[in-house]
Amino acid sequence: MKINISKIIIFSFTIFLLSVFWLGLKINHNYDTKSLVGSKISKFYVTEINNENQYISEEDLKKNKYTLINFFASWCSPCRAEHRYLMSLSNQNKEIKIIGINFKDKKINANNFLKDLGNPYNFVGEDTDGKISISFGIYGIPESILVNNELTVIKKIIGPIDQVQFNDILKSIQ
Amino acid sequence: MLSNIGIALVYLVLIFSFLIIYISSVDLKTSSQFIEKNIYKLSLFQITFTVLSFFTLIIGFVNSDFSLINVYENSHTAKPLFYKIAGTWGNHEGSLLLWVNILVIFSYLFLIFNHTHNKKFRLYTLIFQNILILGFLFFLLLNSNPFNSIYPIPLEGLGLNPILQDPALAIHPPLLYVGFVGCSIYFSAAMASLLSGYAGKLFAQSIKTWVKISWCFQTLGIIVGSIWAYYELGWGGFWFWDPVENASLLPWFAITALMHSLIVLEKRNTLYSWVIILCLSTFILSVTGTFLVRSGILNSVHTFASDPTRGIYILSFLSLMIFSALIIFFIKNKKETYNFNLKSRETFILANNWFMVFFLVTVLIGMLYPIFLDVLTNVKISVGPPFFNIVIIPLVVPFMFLMAIGPKFGWVKSQNKIFYKILFLILGAIIINLLIFYFFGKYSFLSNLIFIAAIFLILYSLLDLKKIFNNKKKFELPRIISHLSFGLLVFFIGINHQFSLEEDFNLKVGEIKKTNNYEINFKDMKVKENKNYKAIIGNFKLTDLKNDLAQYLNPEIRIYSNPETLTYEAAIRTKITSDLYLTMSNVSRSDYYNIKFQKKPFMIWIWISALMIALGGFMQLILKKNED
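Cut-offs used in this document
Residues numbered from 1 in each chain as written. Chains lettered and ligands numbered in written order. Predicted model: local features only at pLDDT ≥ 70, side-chain atom pairs only at ≥ 80, totals over all residues. Helix = DSSP H or I, 4+ residues; strand = E, 2+ residues; numbered from the N terminus. Rg over C-alpha atoms; globule rule 2.2 N^0.38 Å. Buried ≥ 20, exposed ≤ 12 C-beta atoms within 10 Å, placed from the backbone. Contact = placed C-beta atoms within 7 Å. Nonpolar A, V, L, I, M, F, W, Y, C, P; charged D, E, K, R; others polar. Domains from an automatic or database assignment. Pairing = 2+ DSSP bridges. pLDDT = per-residue confidence, 0-100. Axes fitted to C-alpha atoms, helices over the stretch in contact; angles between N-to-C directions. Expected span 1.5 Å × (residues − 1). Parallel < 35°, antiparallel > 145°, perpendicular 65-115°, else oblique. Left-handed = near helix turned anticlockwise from the far one by under 90°. Bend = angle between axes of the 7 residues up to and from the residue.

**Observations concerning the overall build of chain B**
Link 1 in the chain: A tally of helices and strands in chain B yields 18 helices and 10 strands.
Link 2 in the chain: The C-alpha radius of gyration computed for chain B amounts to 26 Å, which stays within 12% of the reference 25 Å derived for 628 residues, consistent with globular compactness.
Link 3 in the chain: Each of the three principal axes of chain B carries a C-alpha extent, and together these read 85 × 80 × 55 Å.

**What about the overall build of chain A?**
Link 1 in the chain: Summing up its helical and strand segments, chain A has six helices and seven strands in all.
Link 2 in the chain: Against the compact-globule benchmark of 16 Å for 174 residues, chain A has a radius of gyration of 20 Å, which places it well outside the compact range.
Link 3 in the chain: Seen through its C-alpha atoms, chain A measures out along the principal axes to roughly 75 × 35 × 30 Å.
Link 4 in the chain: Here chain A, with 174 residues, has 32% of them falling under the buried criterion.
Link 5 in the chain: For chain A, long-range pairs separated by at least 24 residues make up 73% of all intrachain contacts whose partners lie at least 6 apart in sequence.

**Overview of the interface of chain B and chain A**
Link 1 in the chain: Across the boundary between the two partners, chain B contributes 28 residues, which contact 27 residues of chain A.
Link 2 in the chain: Breaking the side of chain B that touches chain A down by element, the ones donating at least two residues are α12 (308-332) and α13 (345-377) of chain B.
Link 3 in the chain: If one sorts the elements of the side of chain B that touches chain A by residue count, α12 of chain B sits on top with nine residues.
Link 4 in the chain: Among the residues forming the side of chain B that touches chain A, the class breakdown is 14 nonpolar, 11 polar and three charged.

**A few points about the environment of W607 of chain B**
Link 1 in the chain: Within the element layout of this structure, W607 of chain B appears in helix α18 (residues 603-627).
Link 2 in the chain: Remark: the alpha-carbon pair of W607 of chain B and A535 of chain B, spanning 72 residues in sequence, is separated by 28 Å.

**Some words on the domain arrangement of chain B**
All names here are of chain B.
Link 1 in the chain: On domain assignment, one finds that chain B holds domain 1 (1-159) and domain 2 (501-603).
Link 2 in the chain: Using only C-alpha atoms to locate each centre, domain 1 and domain 2 end up separated by 45 Å.
Link 3 in the chain: Each partner contributes to the interface: domain 1 provides six residues, whereas domain 2 provides four residues.
Link 4 in the chain: Looking at the side of domain 1 that touches domain 2 residue by residue, the class counts come to three nonpolar, two polar and one charged.

**Details of the pairing of strand β3 (residues 66-72) of chain A**
Working note: regular strand, side chains alternate between the two faces of the sheet.
All names here are of chain A.
Link 1 in the chain: With six of its seven residues buried, β3 lies for the most part within the structure.
Link 2 in the chain: Bridge analysis of β3 against strand β4 (residues 96-103) gives seven bridges, and the strand direction is parallel. In the sheet register, N70 faces β4, and the bridge partner there is G100.
Link 3 in the chain: Bridge count for β3 against strand β6 (residues 143-148) is six bridges, and the pairing is antiparallel. Among the inter-strand pairings, F71 is bridged to a residue of β6, identified as E143.

**Thoughts on the confidence of the model for chain A**
Link 1 in the chain: Per-residue pLDDT for chain A has a mean of 85; in total, 95% of the residues score no lower than 70.
Link 2 in the chain: Per-element confidence in chain A is highest for β3 of chain A, whose mean pLDDT is 92, and lowest for helix α5 (residues 131-135) of chain A, whose mean pLDDT is 80.

**Some details on the sheet that holds strand β8 (residues 571-574) of chain B**
Hydrogen bonding along the main chain pairs the strands of a sheet, whether they run parallel or antiparallel.
Residues and elements named next belong to chain B.
Link 1 in the chain: Spatially, β1-β10-β9-β8 is the arrangement adopted by the four strands of the open sheet, whose pairing is antiparallel. At either margin of the open sheet sits one strand with a lone partner, and together these are β1 (501-507) and β8. Across the sheet, the mean angle separating the axes of adjacent strands is 10° when strand polarity is ignored.
Link 2 in the chain: In terms of strand pairing, β8 meets strand β9 (residues 578-586) through four bridges, oriented antiparallel. Along β9, the bridge assignment pairs A571 with L582.

**Quick word on the sheet that holds strand β5 (residues 123-127) of chain A**
Residues and elements named next belong to chain A.
Link 1 in the chain: Reading across the sheet, the five strands line up as β5-β4-β3-β6-β7 and stay open at both edges, with mixed pairing between neighbours. The strands lining the two open edges of the sheet, one partner per strand, are β5 and β7 (153-158). Across the sheet, the axes of successive neighbouring strands diverge by a mean angle of 15°, strand direction being ignored.
Link 2 in the chain: Against the sheet, helix α3 (residues 77-92) contacts β3 and β4, and its axis sits at roughly 155° relative to β4.
Link 3 in the chain: With respect to the sheet, helix α6 (residues 163-172) is in contact with β3, β6 and β7, its orientation differing from that of β7 by roughly 175°.

**Structural notes on helix α2 (residues 37-62) of chain B**
Residues and elements named next belong to chain B.
Link 1 in the chain: In a regular helix each residue adds 1.5 Å, so 26 residues correspond to 38 Å; α2 covers 38 Å between its end C-alpha atoms and thus fits that length.
Link 2 in the chain: The complete set of buried residues in α2 reads L42, S43, Q46, I47, F49, T50, S53, F54, T56, L57, G60 and F61.
Link 3 in the chain: Here the buried face of α2 lies against α1 (2-29), α3 (69-74), α4 (81-86) and α5 (92-113).
Link 4 in the chain: Where α2 terminates, the next one or two residues include S64, which has phi positive at roughly 50°.

**Some words on the confidence of the model for chain B**
Link 1 in the chain: Looking at chain B, the pLDDT average stands at 88 and 96% of residues meet or exceed 70.
Link 2 in the chain: The ipTM for the predicted assembly is 0.80, set against a pTM of 0.80.

**Points about the packing of helix α1 (residues 5-26) of chain A against α13 of chain B**
Link 1 in the chain: Remark: α1 of chain A packs on α13 of chain B, axes separated minimally by 9 Å, with the N-to-C direction vectors making an angle of 70°. The pairing of α1 of chain A with α13 of chain B is recorded here as roughly perpendicular in orientation. In this structure, the crossing between α1 of chain A and α13 of chain B has a hand that is left-handed. When α1 of chain A is examined against α13 of chain B, the residues V20, L23 and G24 of chain A are found in contact with a partner set consisting of I371, F372, D374 and V375 of chain B.
Link 2 in the chain: Here the residues of the contact of α1 of chain A with α13 of chain B are counted per class, giving five nonpolar, one polar and one charged.

**Observations regarding helix α9 (residues 200-232) of chain B**
Residue and element names in this part refer to chain B.
Link 1 in the chain: For α9, which comprises 33 residues, the first-to-last C-alpha distance of 46 Å matches the rise-based estimate of 48 Å (1.5 Å per residue) to within 8%.
Link 2 in the chain: At I207, α9 shows its maximal kink, close to 40°.
Link 3 in the chain: Most of α9 is tucked away, with 25 of its 33 residues classed as buried.

**Observations regarding the environment of I595 of chain B**
Residue and element names in this part refer to chain B.
Link 1 in the chain: Summarising the element assignment, I595 is placed in strand β10 (residues 593-601).
Link 2 in the chain: Accessibility expressed as a C-beta count within 10 Å gives 21 for I595, which makes it buried.
Link 3 in the chain: Expressed as a C-alpha distance, the spacing of I595 and W89, which sit 506 residues apart in the sequence, is 34 Å.
Link 4 in the chain: I595 has contacts with F505, N506, L507, L582 and M584, leaving out every residue within four places of it along the chain.

**Re the environment of I47 of chain B**
Residue and element names in this part refer to chain B.
Link 1 in the chain: In this structure, I47 sits in helix α2.
Link 2 in the chain: For the pair I47 and Y177, spaced 130 residues apart in the sequence, the C-alpha separation amounts to 17 Å.
Link 3 in the chain: Every residue in contact with I47, bar those within four places of it in the chain, is listed here: V104, I105 and Y108.

**Description of the packing of α2 of chain B against α5 of chain B**
Residues and elements named next belong to chain B.
Link 1 in the chain: It is at 9 Å that the axes of α2 and α5 come closest, and there the two elements cross at 155°. The orientation of α2 with respect to α5, classified from their angle, is roughly antiparallel. When the axes of α2 and α5 are compared, the crossing they make is left-handed. Here S43, Q46, I47, T50, V51, S53, F54 and L57 of α2 come into contact with α5, specifically with G94, L97, L98, V100, N101, V104, I105, S107, Y108 and L111.
Link 2 in the chain: Class assignment for the residues of the contact of α2 with α5 results in 11 nonpolar, seven polar and no charged.

**Regarding unusual backbone geometry**
Link 1 in the chain: Cis geometry is adopted by the peptide bond preceding P152 of chain B, which originates at Y151 of chain B and carries an omega value of 0°.
Link 2 in the chain: Relative to the helices and strands, P152 of chain B resides in the loop between α6 (119-142) and α7 (167-182).
Link 3 in the chain: Backbone geometry at K104 of chain A places phi at a positive 40°, although glycine is not the residue there.
Link 4 in the chain: Along the chain, the position of K104 of chain A falls in the loop between β4 and α4 (107-117).
Link 5 in the chain: Classification of K104 of chain A by C-beta neighbours within 10 Å gives partly exposed; the count is 17.

Here it is, written out as structure tokens:
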């Protein structure tokens, strides 16, 4: 066999691919949020659900002492279950601002959802195709991320917020 | 008892595989033109014992013999007979035995049906195929033995995952296995061809039937899986770009490319190296898909099979396959010179291949990127439909144009005669598209292009079809049907995507909801006890306010007892023009039920056109046979 560059490239690529697979077997596949807590959130840009000209980005979060970014949709029933905790959070605590990201939803449904159950959000962002949520590392909804004014993730909640999580959030922002 | 019989049979198969490899290697050196009789006999024994071992396992499932761990873990006495049998391959160990069976069956059939071909080539194929068989037999015996026994014998089994208890899903794995594992035979044949120097036209003839068979089954298997997702998962979609769906697409792209370039090799005796690469990569991609799905590296509906120790075994075997294929290819492959005329059919087939490779690479990147990122940077992401839609859909437009025009070009060189016809048909397609756009609603520029290209392909194929009935060139019929159906498929998916209606709301019994010309009345609810589950059946009166047409739909929530699981059965009313799709799910701690109502136009036509693509393949198998 004559050795030439293309062969070397193909072989090295194959070896690389197979070793990635090999390493992939060894890592833990349970979705683990620990690595995200303590890291900074990346840049983002979300427009308001009812007003395309209004938007927020990571710069706006620096103004709030704490921000809870909540990912929700009208079609998701656990989101309904957690909604009352979001409501009481927004009523009880003025230090925390809540941003809702409406995940793969229809505008009418989302608005009805908020009309029926109340609107705890200071801002509702639109994420029709789910891309923004993915950039936040969202796996499924509901999920919530608690961020401080340095944009560091303090807490990440996967699944609906319940009484325990609710108390945890209050504790984290004291 | 069954455990011992099963294991004994598997060992017998193992011994026969060794013997076949040994005697074939000896027979390679003899000068006789014919393959030694003993090899046929051994192969016959091998196939008999393999099939028997599979039947032994089926008997275990049918009789609910819980002395087998596999039966205990995946079956239950209260399951209907049909699902007891389907349970045999509804789990990792059983499906691996099915895998071995298909390897052996293809090995035997290839041996006896290809008697006109070169002896050395056939022997090498047999040797490589049996090396593959050995690899999977060792895997089965060392790591995933379906015949492992358990003591004391449990009285009752754990049951089969309810979402797998569905007729479509019972036949989905066998179809896919025939499709994916069937590729093994031309992997072996390609290796044999490199080693024996039996190349070109004759090689193409020896594998073309096997390529077609596995293509048909792969296509059918993927469609059935998609139908299952539509009816069973209750989301109203049929393709989710889920990693496992993607894993099934990779070999399909490769094999579709192979099927086309094989024609060039057969007619023009060129593209040999490329055909070999495709032969090798189709099976390698099948095994890669299996590895990704079964090792648990990817998470999805198919995680029933996830286990890292399996992953290590499959990965080692995969590495061995890839490196031996690469080394043999690099040593034995000779440089070819190509001289293609731009306006010849081979150019178009080559273009088809480039598109296929592009689709393949896109899906591969989308699948592997999250794994790479996870391994190298510990960042977890998922690649979803937006990526695939953005990258793949625009390319489908030129792809469909080439698909229509390509087959009209002659081999070697062609004239410009068809130029006006193309222009005329494009004009026709644009007009039809404008009519749809004008009467039914607006959609994006890209969607316009998709519709135009799809309609163009449909019109072109219909003209071809008409020509066939005039001049009786029957052998072209399968190709036209498959191409026509692909155009129809894209067209109906486009329509379905653009004009679907979806409503989501909560209702309790007695309430009425009006939406988009439909009135949905939640009349009452029943509880029904079935053999292996309890069903909560909702009774909904659905009135079409436009035509004042009322019908009843009954979605179900099923509570399975073994293992205890909830599943949601959609109520689907299929009509020629559209599907009405209703699912209900319980909202915890409330009287309300979450209702999802969808109207999906031309849903049935998506299935029909997809099935027709596969039908074209099957017709090709039958028609070509008659010609010979």
